[in-house]
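Letter by letter, the chains look like this.
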Amino acid sequence: MNTDSEIENWLRKTPPPTPPADLLTTLERQIEVPVATFRATGSQQVGTALRTWWRHLWMPVTGLGTATVALILGLIVFSGGSGRSIAAVGENLKRVQSVRVLHYERIGPAQHVVRDRSKQVNGWPNFSTSQHPDNPLLATEIWFRTGASPGGNGEMVTARETETIWNRDNRELRVDHRTENRRFRLNSQPLDISQLASPVLALSGYSFQPAAKVDATHAGPQLVLSNCWVGEYRYAGPAMGEKNPNMLTRVWLDETALLARRIEWISDDYTAGAEPWVTQAYEFYDFDQPLPDELFTFEITQTDAAGLGLSLEELQALSVKAFSVELTGETGVEFEGSIQDSQGSREIAGRLPFIFVHDPVGPASIKMRFKDAQRHNVGINVNSLRMATRASGLVAEVSAEGLVGAQSVN
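**Some thoughts on the overall build of the protein**
In terms of helices and strands, the protein carries 8 helices and 24 strands. The 410 residues of the protein split such that 49% are buried. Contacts in the protein between residues far apart in sequence, at least 24 positions, make up 59% of those at least 6 positions apart.

**A few points about the pattern of salt bridges**
For the structure shown, the criterion picks out 20 salt bridges. The residue arginine 100 makes a salt bridge to glutamate 141 at a minimum N-O spacing of 2.5 Å. A residue pair is termed long-range when its members are at least 10 positions apart, and arginine 100 in strand β3 (residues 98-106) and glutamate 141 in strand β6 (residues 137-145) qualify at 41 residues. In this structure, the salt-bridge partner of glutamate 172 is arginine 185, at a minimum N-O distance of 2.8 Å. You can see glutamate 172 sitting in strand β9 (residues 171-176) and its partner arginine 185 sitting in strand β10 (residues 182-186), a full 13 residues away along the chain. One network of salt bridges, with partners in common, ties together Glu232, Arg234, Arg250, Arg262, Glu264 and Glu283.

**Considerations on the packing of aromatic side chains**
Here the distance between the centres and the angle between the planes together describe a pair of aromatic rings. Under the criterion given, the structure shown has 10 aromatic pairs. A network of ring pairs unites the aromatic residues Trp124, Phe127, Tyr270 and Trp277 as a single cluster. The ring of tyrosine 285 carries arginine 100 above its face, with NZ or CZ at 4.3 Å from the centroid.

**Considering the pairing of strand β21 (residues 376-382)**
When you tally the buried positions in β21, you get 6 out of 7 residues, the bulk of the element. The pairing of strand β16 (residues 323-329) with β21 spans 5 bridges and is classified as antiparallel. Paired with glycine 329 across the strands is valine 378, a residue of β21. Two strands pair when backbone bridges link them, and β21 and strand β22 (residues 385-391) are joined in this way by 7 bridges, in the antiparallel orientation. Paired with histidine 376 across the strands is alanine 391, a residue of β22. Joining the antiparallel neighbours β21 and β22 is a turn of 2 residues, in which asparagine 383 adopts a positive phi near 50°.

**A word on the sheet that holds β10**
Sheet architecture is open: 11 strands sit in the order β10-β9-β8-β7-β6-β3-β15-β14-β13-β12-β11, paired in antiparallel fashion. Each edge of the open sheet carries a strand with a single partner, namely β10 and β11 (209-210).

**Things to note about the confidence of the model for the protein**
In this model, the protein carries an average pLDDT of 78, and 71% of its residues clear a pLDDT of 70 or more. Counting contacts from residues 10-81, a segment whose pLDDT is below 50, to residues more than four positions away or on other chains yields 183 contacts.

**Quick notes on the sheet that holds β16**
Pairing is antiparallel in the open sheet, where 4 strands are placed in the order β19-β16-β21-β22. Here the strands that pair on one side only, and so sit at the sheet edges, are β19 (354-358) and β22. Across the sheet, the axes of successive neighbouring strands diverge by a mean angle of 15°, strand direction being ignored.

**Digging into the environment of proline 109**
Along the polypeptide, proline 109 turns up in the loop between β3 and β4 (111-113). Judged by its relative accessible area of 54%, proline 109 is exposed. Apart from the residues lying within four places of it in its own chain, the contact partners of proline 109 are Thr129, Ser130 and Asn135.

**Focus on unusual backbone geometry**
Cis peptide bonds are those with omega within 30 degrees of zero, and the linkage from leucine 352 to proline 353 qualifies with -5°. As for its placement among the helices and strands, proline 353 is situated in the loop between β18 (344-351) and β19. Located in the positive-phi region is tyrosine 270, a residue other than glycine, with phi close to 70°. Locating tyrosine 270 in the fold gives a position in the loop between β14 (259-267) and β15 (277-285). Taking relative accessible area as the criterion, tyrosine 270 reaches 18% and is therefore assigned buried. One non-glycine residue, aspartate 286, adopts positive backbone phi at about 55°. Among the structural elements, aspartate 286 can be located in the loop between β15 and α6 (293-296). Judged by its relative accessible area of 10%, aspartate 286 falls in the buried class.

Analysis parameters
- Residues numbered from 1 in each chain as written.
- Predicted model: local features only at pLDDT ≥ 70, side-chain atom pairs only at ≥ 80, totals over all residues.
- Heavy atoms only, no water.
- Helix = DSSP H or I, 4+ residues; strand = E, 2+ residues; numbered from the N terminus.
- Buried < 20%, exposed > 50% of the residue type's maximum accessible area, 1.4 Å probe, protein only.
- Contact = heavy atoms within 4.5 Å.
- Salt bridge = Lys/Arg side-chain N within 4 Å of Asp/Glu carboxyl O.
- Phe/Tyr/Trp six-rings, centres within 6.5 Å; stacked < 30°, edge-to-face > 60°.
- Lys NZ or Arg CZ within 6 Å of the ring centre and 35° of its normal.
- Pairing = 2+ DSSP bridges.
- pLDDT = per-residue confidence, 0-100.
- Axes fitted to C-alpha atoms, helices over the stretch in contact; angles between N-to-C directions.

Structure, rendered in structure tokens:
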């Protein structure tokens, strides 16, 4: 069976676009980001306000799979042959202190895509994916600001119809609005604007042509696109089986502010009549505008801390480098291992599932093996890493900056 992650890895093997020869010179230019109008939120409790907002943003429209991009914070336009190219300005990105982003993506149950009717429904080139035009295009809203936390790192709030996630320094609280369940963990990978913006570099080599008769009906109601230049980049999608899909990336560029207001990806794949549909989109608001403190405020309870095996006092004593490790998999299977950093090594042992916290000095290495030396279903969640596999053990490395890599051991 081909999973979404396997399909995505396969798609990533397609050749990237070639950047313009003068890209580096262009990136060195400086631009100023003008101030936009911001309307502060009211004094209504944040959790209630966000849930109400997202009920209005649920959008059951038709649309596709995945394109990788996260955040364009400042763009510069220059000539690129017969079209126009856009590239992120590094110094401008560093100056951005706050932003609000709407991310629309297809969310729903896995849908079958049949390429070859002589094969089983999930036998290649047939597969299943949740990123499908039969699933609704749902919105996630992200607020980000930098430098306001006690540790001087970024703060972020991510709101969906079903949940809200708060990130402040290394503390991350996730609240499920359907059940009111709370999940607290320590995530030591710092938030900064460059981290959010980095995937946009994939667009820097595209040559955009002026777009005519553009349908912007999927745009959010608050987004003003009347003063934007609209460009699009058309290309052939990866062929799977006998299907040769057509792909389109479209950008709405505010030429006065030199900012992208909307980016969307369109495909004619997965539909019987090759009808185009929006696969995902990003919209950008309120650059460098003051965001209300109450938006980023959340409280950690004794129960939250106890979920990590800590008291509130022990939690307060940890540095912003501390992280939590969650080992998942076959319930009850015994394991043993260790975690080592510059100050020494500590032993870890127990049964799955298992959670522990480590406050490292420098980079850290995590090793675990099952006591019976057999292969079992096992997963590890650390910072931004989510890994699941079947193995007799795992090895993970956490850098001093909180970046994580892991591999299975057999």
